[in-house]
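Spelled out, the chains give:
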Amino acid sequence: VQLQASGGGLVQAGGSLRLSCAASGRASSNYHMGWFRQAPGKEREFVASISRWGTSTYYLDSVKDRFTISRDYAKNTVYLQMTSLKSEDTAVYYCAADTVRTARDMQSTKMADYWGKGTLVTVSS
């Protein structure tokens with residue numbers, strides 16, 4: 001599967017952005033999907049994941065109640081709706097997919113088999 005993330009940009013603190021991850025090659029329903037991020041000088045961290053059929057979602061504690069992950073099977077796309085953005089959300093965001101690791105596994109292991117190129121989110125304070 002090939003993953004293409006988009007939707008990043010510059011936003012003021014308190015603002016919103018929606019990231020998209022378009023999957024090609026195989027139907028996205030074959031994959032558990034996730035979003036990760038990496039800030040400058042920091043390790044990559046898990047942000048959110050969604051199970052293959054969208055029945056389970058998992059979030060980093062610091063983004064719960066602010067971020068929502070969802071998927072559109074018709075468009076083979078996964079979204080990350082981000083609201084109430086904070087300066088500490090500034091990072092390169094990556095989407096990821098896996099057929100074996102579940103959405104919960106992605107949260108616990110911070111790993112996935114397939115990765116897209118990142119999209120930069122910059123939150124100005």
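Before any of the text, the structure's been laid out above.
## Some thoughts on the overall build of the protein chain
The number of helices and strands found in the protein chain is one helix and eleven strands. Going residue by residue from the N terminus, the α and β elements of the protein chain occur as β-β-β-β-β-β-β-β-β-α-β-β. Principal-axis analysis of the C-alpha atoms places the extent of the protein chain at approximately 40 × 25 × 25 Å. Among the 125 residues that make up the protein chain, the fraction classed as buried is 42%. Within the protein chain, contacts between residues at least 6 apart in sequence are counted, and of these 57% link residues at least 24 apart. Total accessible area on the protein chain is roughly 6400 Å²; 47% of this is exposed by carbon and sulfur atoms. With 15 positive and 10 negative side-chain charges, the protein chain shows a spacing of 4 Å between the two charge centroids.

## So, the nonpolar core
Core analysis: the biggest nonpolar cluster contains 28 residues, and W35, L80, M82 and Y93 have the highest contact counts within it. The set of elements that each furnish at least two residues to this core consists of β1 (2–6), β3 (17–24), β4 (32–38), β5 (45–50), β7 (67–72), β8 (77–82), β9 (91–98) and β11 (119–124). Filtering out sequence-adjacent residues up to four positions away, M82 remains in contact with G15, S16, L17, L19, R66, F67, Y93 and V121. Among the nonpolar cores identified, the runner-up in size contains five residues, and F36, F46, A96 and A112 belong to it.

## Topic: unusual backbone geometry
The phi torsion at D65 lies on the positive side, around 75 degrees, for a residue other than glycine. Checked against the element boundaries, D65 lands in the loop between β6 (57–59) and β7. For D65, a relative accessible area of 81% gives the class exposed. Although it is not a glycine, S84 adopts a positive phi angle of roughly 45 degrees. For S84, the location among the structural elements is in the loop between β8 and β9.

## Examining the pattern of salt bridges
Enumeration according to the criterion identifies six salt bridges in this entry. R37 serves as the salt-bridge partner of E45, at 2.6 Å between the closest nitrogen and oxygen. On the basis of relative accessible area, E45 is assigned to the partly exposed category, the value being 29%. Residue R37 is classed as buried on the basis of its relative accessible area, which comes to 5%. For R101, the salt bridge identified is with D98, shortest N-O distance 2.7 Å. Accessibility expressed as a relative area gives 21% for R101, which makes it partly exposed. Looking at D98, the relative accessible area reads 0%, which means it is buried. Connected via shared salt-bridge partners are R37, E45, R66 and D89.

## Things to note about the side chain of S51
Position of S51 among the secondary structure elements: in the loop between β5 and β6. What makes S51 buried here is its relative accessible area of 10%. At a separation of 3.0 Å, a polar atom in the side chain of S51 contacts the main-chain amide nitrogen of T55. Excluding anything up to four places from it in sequence, S51 contacts H32, S56, R71, Y73 and A103.

## Focus: the packing of aromatic side chains
Under the definition given, this model contains four aromatic pairs. Taken together, the ring pairs in this structure connect F36, F46 and W115 into an aromatic cluster. The lysine or arginine in question, R44, covers the ring of F36, its NZ or CZ lying 5.8 Å from the ring centre.

Parameters and conventions
Residues numbered from 1 in each chain as written. Predicted model: local features only at pLDDT ≥ 70, side-chain atom pairs only at ≥ 80, totals over all residues. Heavy atoms only, no water. Helix = DSSP H or I, 4+ residues; strand = E, 2+ residues; numbered from the N terminus. Buried < 20%, exposed > 50% of the residue type's maximum accessible area, 1.4 Å probe, protein only. Contact = heavy atoms within 4.5 Å. Areas by Shrake-Rupley, 256 points an atom, 1.4 Å probe, with all protein chains shown as cover. Lys, Arg positive; Asp, Glu negative; His and termini not counted. Charge placed at Lys NZ, Arg CZ, Asp CG, Glu CD. Core = buried A, V, L, I, M, F, W, Y, C linked by side-chain atoms within 4.5 Å. Salt bridge = Lys/Arg side-chain N within 4 Å of Asp/Glu carboxyl O. Polar contact = N/O pair within 3.5 Å; in protein donor to acceptor, adjacent residues only side chain to side chain. Phe/Tyr/Trp six-rings, centres within 6.5 Å; stacked < 30°, edge-to-face > 60°. Lys NZ or Arg CZ within 6 Å of the ring centre and 35° of its normal.

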